[in-house]
Structure formats: C-alpha cells, structure tokens
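# What the coordinates show
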Amino acid sequence: MQERYTELRFLTEPSFVDLLADFIASVSDEAIEYGDDRVILRTEADTLPVIDAVRKLAEEADIPLTIEEEEKENVDWIQSYQDSVQPIEAGPFYIHPEWYAPKEGKINILINPALAFGSGHHATTHSCLEAIGEHIRKDDTLLDVGCGSGILALAARKLGAQVELCDTDPLAVQSAAENFTLNGENYEAIWEGSAHKSDKSYDVVVANIIADVLKAIAPQLKTRVKAGGTLILSGILDKKEDSVTEAFKDLELLERKGRDEWVTLVYRA
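In this text the structure is predicted, and so the values were computed from the model without any measurement.

### Considerations on the sheet that holds strand β5 (residues 88-90)
- With respect to topology, three strands assemble into an open sheet ordered β5-β6-β7, the strand pairing being mixed. Whereas interior strands pair on both sides, the edge strands pair on one side only; in this sheet they are β5 and β7 (107-110). Each strand of the sheet is rotated relative to its neighbour by a mean of 25 degrees, with strand direction disregarded.
- Judged from the three bridges that link them, β5 and strand β6 (residues 93-96) form a sheet pairing that is antiparallel.

### A short note on the packing of helix α4 (residues 123-135) against helix α5 (residues 151-158)
- Axis separation between α4 and α5 bottoms out at 10 Å; the angle between their running directions is 20 degrees. Here α5 runs roughly parallel to α4, going by the angle between their axes. Along this stretch, α4 crosses α5, giving a crossing that reads as right-handed. For the pair α4 and α5, the contacting residues are T125, C128, L129 and I132 in the first and I151, L152, A155 and A156 in the second.

### Considering the sheet that holds strand β4 (residues 66-73)
- Spatially, β2-β3-β1-β4 is the arrangement adopted by the four strands of the open sheet, whose pairing is antiparallel. Of all strands in the sheet, those bounded by a partner on one side alone are β2 (32-34) and β4. Geometrically, the sheet is characterised by an average inter-axis angle of 20 degrees between neighbouring strands, direction not taken into account.
- The pairing of strand β1 (residues 4-11) with β4 spans eight bridges and is antiparallel. Of the residues in β4, the one forming a bridge with R9 is E68.

### Considerations on the confidence of the model for the protein
- When pLDDT is averaged along the protein, the result is 89; 91% of the residues meet or exceed 70.
- Here helix α3 (residues 77-84) stands out as the element of the protein with the lowest mean pLDDT, 62, in contrast to strand β8 (residues 141-145), whose mean of 98 is the highest.
- Counting contacts from residues 114-118, a segment whose pLDDT is below 50, to residues more than four positions away or on other chains yields 32 contacts.

### Thoughts on helix α2 (residues 48-61)
- Here α2 spans 20 Å end to end across 14 residues, near enough to the 20 Å set by a 1.5 Å rise per residue.
- Those residues of α2 not exposed but buried are V50, I51, A53, V54, L57, A58 and A61. Viewed along the axis of α2, the buried residues span an arc of 165 degrees, placing them on a single side of the element. Of the residues in α2, the exposed ones pointing more than 90 degrees away from the buried face are P49, K56 and E59.
- Against the buried residues of α2 lie β1, α1 (17-27), β4 and β12 (225-237).

### Examining unusual backbone geometry
- With a phi close to 75 degrees, D139 is a non-glycine residue in the positive phi region.
- Assignment of secondary structure puts D139 in the loop between α4 and β8.

### Notes on the side chain of D167
- By the element assignment, D167 lies in strand β9 (residues 162-167).
- For D167, which is buried and forms no salt bridge, the nearest opposite charge comes from K197, at a distance of 11 Å.
- At 2.8 Å, the side chain of D167 forms a polar contact with the backbone nitrogen of D169.
- For D167, the contacting residues outside a window of four places in its chain are G146, C147, G148, A172, V173, W191, E192 and G193.

Parameters at a glance
Residues numbered from 1 in each chain as written. Predicted model: local features only at pLDDT ≥ 70, side-chain atom pairs only at ≥ 80, totals over all residues. Heavy atoms only, no water. Pairing = 2+ DSSP bridges. Helix = DSSP H or I, 4+ residues; strand = E, 2+ residues; numbered from the N terminus. Axes fitted to C-alpha atoms, helices over the stretch in contact; angles between N-to-C directions. Parallel < 35°, antiparallel > 145°, perpendicular 65-115°, else oblique. Left-handed = near helix turned anticlockwise from the far one by under 90°. Contact = heavy atoms within 4.5 Å. pLDDT = per-residue confidence, 0-100. Expected span 1.5 Å × (residues − 1). Buried < 20%, exposed > 50% of the residue type's maximum accessible area, 1.4 Å probe, protein only. Arc of directions from axis to C-beta. Lys, Arg positive; Asp, Glu negative; His and termini not counted. Salt bridge = Lys/Arg side-chain N within 4 Å of Asp/Glu carboxyl O. Polar contact = N/O pair within 3.5 Å; in protein donor to acceptor, adjacent residues only side chain to side chain.

Here it is, written out as structure tokens:
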C-alpha cells in the first residue's frame, strides 16, 4: 500500500447519486462510498480514465456534475466502504454483498457493489428486478443487453430462465461472469458487444441502458425478441421517455414503472 492516495469526489444532485455510483463502479474496481449529494472514490491509480468516463456519462445523460480531486494520506477506507453498504430488497430478490448473510424467504443474489454497474441500489436496476420477478417464467430464454454486473440475468436465472449476457465494456463482461460463479449459477453464453452479435430470438430481452443508446439499438432489440415475447427497457430519465416510446411505438406497452426520476418500460413484441 502506498503512503498516499487520491480521493475523487463526484458531486451531483441527490437523485443522480446511485446512478453515478453504479457507473463509477463499472469503470473502476476500487471501492466507492455514497453520500447524500456525492460519490467518493479513493485510489492509488491514475484518476484520468475514471474522470473522463464520468464526464462523458454526465454529458450524455445530462447529469449535473462537479468533480473534486484531493491527495490524502492512506487509511483503511475499504473497510469504511464495506461498513457503509446495505443490502436491498427488490421484488422477490434480496441483493447483498458477501459481508452480509442471505435472507430466509427471499431469492438471494450475492453482488459486491464495487465491481460493476448493477448492485440493485439504483432506481433503474431496482425496477428491472421487479419486472423480472413479475414476467420471467421457468425455462424462458433471456438476453441481458448491457449486463453490467450481471444482476438482472442472475435474477432471471434464479427463477429458472436460460440466460445469455452481453456488454460493450469488457470489465462488465468479466465481472458478470465472476458474479455468476460467485452465486453458483451458469449462463448459456456471454460476450463483449451488443445484441446484434446474436442470431437468436428470446422470450425476454432486458436492456438497462441510457435512453439515447436504447433508441440507437432499438432495431437490434426488437429483432431479438420472439413474437409475443417481452422486452424490458430501463435507464430512461423521465424527460427522455417520449423519445424512447416513439422508437418502440410498434410494440405493445404493457407496463410503465416510475421510480424517482427514472422510468422502466415493459413491452410485448
């Protein structure tokens, strides 16, 4: 351990804290800490790649952001971070890090939140988990597009689905694979890239990605869903909802889930 480290403070509005935290975890394997209006990352590595990635996200998703950087004397901040993380419940699922015990009567999913996007804490992931709990049936086939930590595919697998995953971020692909191993579950396939790399159709396709990307890959997502199948879309700021619904207007909207400023849409193909 080096004598000094860098503390990055990403300041934003409270409604964006969970999203920033999940995203920062996807571009860095360092521990992160939540605050009411900030996400804190402490690292001994070069901070520029993380800063650049977060600034790009803020621009794309119109997130208010101020970044503060400070060099500090090293302390045991990993333990401090672990003490700050709480398990959550979403639908039938109980999402917990390895330093918490499973919960009786719930479908337990073990996720260490500092590894990749999707610890269940953000509103979009929470709503997707609820939708999966409602719409997945045993032996369904599911494709998780933009899988992040793999949490959504893991939830579907726990319900008996046959799952495949993909993400354009190689770190996310690696993390998702590790989380399946951590949970003692298996997937049918996982790859770096998006839905266009598959030639299959699925009973359920889920994509928890920002609105602009959902619009851009709308044709891919529709192609991958079987006729009569289910498409779950999330990561949508409410002010961008209309642009997403326009891109998917040829499908039947079954359900709209609103949580904070975020929207999850469930369609039938």
